[in-house]
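Observations on chain architecture
Below, each chain spelled out in residue letters.
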Amino acid sequence: MQKFSALCVSAILLGICTLDGIAQDRTRETMIDERFSVSEGGMLEVNASDADVTVTAGQSKDAHVRVVLEGRDMEKARDYYEHQNITVTKSGNTIRVDSKPESHNFNWRDWRNHPHIDIQISVPEVFDADIRSSDGDLALDRLRGDVKMKTSDGDVSANKIEGGTISIRTSDGDISVGPLTGDMVELVTSDGDLVLGDV
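We now turn to the structure provided with this report. Computed from a predicted structure; not experimentally measured.

**Structural notes on the overall build of the chain**
- Counting its secondary structure elements, the chain contains two helices and 14 strands.
- For the chain, the exposed area adds up to about 11100 Å²; of that, 47% sits on carbon and sulfur atoms.

As structure tokens, this is what we get:
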């Protein structure tokens, strides 16, 4: 029994060290960092292709969008990023973050070499949001407005959301929510767990 326990501990420690080594071996680079003057009651539209999206309510009336690229081989990572064609625009009181990826055969022989794109957004607390990603996790915190969140492959988390309509969907992933208050609340996952707070 002691031998077995020692082997288990060694395996766990090896796994931790390996993951820590992977994390230290990656570089992060800010590709977009833009601020826009907006007013409460505006709209955030995000259509991402292969990225995680995090949206929080900021303390100011500005909308702040940061796109961060992470990778081991940054030359290849930047090439991958350029093919994603990520744009950030403002029209009236609407902020749009779009990704229109070009077809390209990136051969990632090792999953650890695959770049990661993280889209970080802050908007005023009273703001509508329509957030979509075809492959990535979505997170939303402290917003008052109509909310739609949808990802085809990823987890979705939402916390302290108040709105008329709240719709959260994932085709393959978990949904975790904190307090949600709305006239209509819809939570749908085709393959994953639902972790519910106050709804």
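**Looking at the pattern of salt bridges**
- Applying the stated criterion to the full structure yields 10 salt bridges.
- Arg96 is the partner of Glu45 in a salt bridge, and the nearest nitrogen-oxygen pair spans 2.9 Å. With Glu45 in strand β2 (residues 42-48) and Arg96 in strand β6 (residues 94-99), this pair connects stretches of sequence that are 51 residues apart.
- Using a relative accessible area of 29% as the deciding quantity, one classes Glu45 as partly exposed.
- Arg96 sits in the partly exposed class, given a relative accessible area of 29%.
- Asp130 is paired through a salt bridge with Arg132; the nearest N and O atoms lie 3.0 Å apart.

**Considerations on unusual backbone geometry**
- The backbone of Arg142 sits at a positive phi, close to 60°, despite the residue not being glycine.
- Structurally, Arg142 can be placed in strand β9 (residues 138-144).
- We note that Lys160 has phi near 55°; this positive angle belongs to a residue other than glycine.
- For Lys160, the position within the fold is in strand β11 (residues 156-170).
- Under the relative-accessibility criterion, Lys160 is labelled partly exposed at 48%.

**Notes on the environment of Lys90**
- For Lys90, the position within the fold is in strand β5 (residues 86-91).
- For Lys90, a relative accessible area of 39% translates into the label partly exposed.
- Placed 27 residues apart in sequence, Lys90 and Ala63 show a C-alpha to C-alpha distance of 9.8 Å.
- In contact with Lys90, other than residues within four places in its own chain, are Phe36, Ser37, Val38 and Ile95.
- Within the structure, Lys90 has its side chain in polar contact with the backbone oxygen of Ser37 (distance 2.5 Å).

**Some details on helix α2 (residues 74-82)**
- All buried positions along α2 are accounted for by Met74, Ala77, Tyr80 and Tyr81. Seen from one end, α2 has its buried residues packed into an arc of 115°, which puts them on one side.
- Summarising the contacts, the buried residues of α2 are in contact with β1 (27-37), β4 (62-71), β5 and β7 (116-123).
- Regarding α2, its N-cap is Asp73, as a side-chain oxygen of that residue lies 3.2 Å from the backbone nitrogen of Glu75 further along.

**Details of the environment of Val67**
- Structurally, Val67 can be placed in strand β4.
- Sequence spacing of Val67 and Asp52 is 15 residues, and the spatial spacing of their C-alpha atoms is 9.9 Å.

**Considering the pairing of β9**
- As paired strands, strand β3 (residues 52-57) and β9 are joined by four bridges and run parallel to one another. Bridge assignment links Thr54 to a residue of β9, and that residue is Ala139.

Conventions used here
Residues numbered from 1 in each chain as written. Predicted model: local features only at pLDDT ≥ 70, side-chain atom pairs only at ≥ 80, totals over all residues. Heavy atoms only, no water. Helix = DSSP H or I, 4+ residues; strand = E, 2+ residues; numbered from the N terminus. Areas by Shrake-Rupley, 256 points an atom, 1.4 Å probe, with all protein chains shown as cover. Salt bridge = Lys/Arg side-chain N within 4 Å of Asp/Glu carboxyl O. Buried < 20%, exposed > 50% of the residue type's maximum accessible area, 1.4 Å probe, protein only. Contact = heavy atoms within 4.5 Å. Polar contact = N/O pair within 3.5 Å; in protein donor to acceptor, adjacent residues only side chain to side chain. Arc of directions from axis to C-beta. Pairing = 2+ DSSP bridges.

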